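If you want the building blocks of each chain, they are given just below.
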Amino acid sequence: MNKRYNLTLMSILAIFLIAMDQITKYIIVKTMKIGDSISIIGDILEITSHRNHGAAWGMLQNQMTFFYIITVVVLVAIAFFYYKEAMFNPIMQLGLTLIFAGAIGNFIDRLIRGNVVDFIDTKIINYDFPIFNVADSCLTIGVIVLLYDMLFNQKEEKSNGNI
């Protein structure tokens, strides 16, 4: 696969994920009041309209200037790292693309609404997991993909003498 094809594919994926994130949030904002909840699978999965004025698990509440700065720095770092390190590594490209899309999705919310719209509400083995959204899912899966790449692919490259 050539570089241009990978970049185009990853750009399309990022645009699709950002669009899905924003569309789902728009639907929640327009059809539900904050605190409203719809059961999807009993108590395990619900759609609950929630607003987060901070980061994951509600940390750093109302620190929007900090989030604006940190997001721009992270996006620039991802773009730089993509071009310097991931150009020939499709797994790393996927992880970085997911993180990029997730960061952009929540950044749009902070810029437009002053908070992040969350709505996926899960309870796993009696643990009420913090409510999240599509962008948060992209961020989490992207980090998992990068960890996988670092732990398994990098180890494989070292054993092959490529590093």
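Along each chain, residue indices are assigned from 1 in the same order as the chain's sequence is written. It should be noted that, the model being predicted, local features are given only for residues of pLDDT at least 70 and side-chain atom pairs only at 80 or more, the latter also being counted only at that level, while totals for whole chains, interfaces and linings use all residues. Note: side-chain values were computed over all heavy atoms of the structure, leaving out hydrogens and water.

## Concerning the pattern of salt bridges
(1) Moving on: By salt bridge we mean one thing: a side-chain nitrogen of Lys or Arg within 4 Å of a carboxyl oxygen of Asp or Glu. Applying the stated rule across the entire model yields four salt bridges.
(2) Moving on: With its nearest N and O atoms 3.0 Å apart, the salt bridge here joins Asp109 to Lys25. Linking Asp109 in helix α3 (residues 90-113) with Lys25 in helix α1 (residues 3-31), this pair joins segments that are 84 residues apart in sequence.
(3) Moving on: According to the relative accessible area criterion, Asp109 is buried, its value standing at 0%.
(4) Moving on: Taking the shortest distance from any N to any O, the salt bridge between Asp109 and Arg113 comes out at 2.9 Å. Taken as a pair, Asp109 and Arg113 lie in helix α3 at a separation of four residues, close to a single helical turn.
(5) Moving on: Within the structure, one salt-bridge network assembled from shared partners comprises Asp21, Lys25, Asp109 and Arg113. The helix and strand labels rest on DSSP assignments: H or I over at least four residues marks a helix, E over at least two residues marks a strand, and numbering proceeds from the N terminus. Relative accessibility thresholds used throughout: buried, under 20% of the residue-type maximum; exposed, over 50%; partly exposed, between the two (1.4 Å probe, protein chains only).

## A short note on a nonpolar patch on the surface
(1) Moving on: On the surface, Ile91, Val143, Leu147, Tyr148, Met150, Leu151 and Phe152 cluster together into a nonpolar patch covering about 660 Å² of accessible area.
(2) Moving on: Here the nonpolar patch takes six residues from helix α4 (residues 134-159), the largest share from any one element.
(3) Moving on: Positionally, Phe152 belongs in helix α4. Within this analysis, patches are made of residues with over 30% relative accessible area and no salt bridge. Like charges are joined at 9 Å or less; nonpolar side chains (Val, Leu, Ile, Met, Phe, Trp, Tyr) at 5 Å or less. Only the protein chains shown count as covering a residue, and every accessible area follows the Shrake-Rupley method with a 1.4 Å probe.

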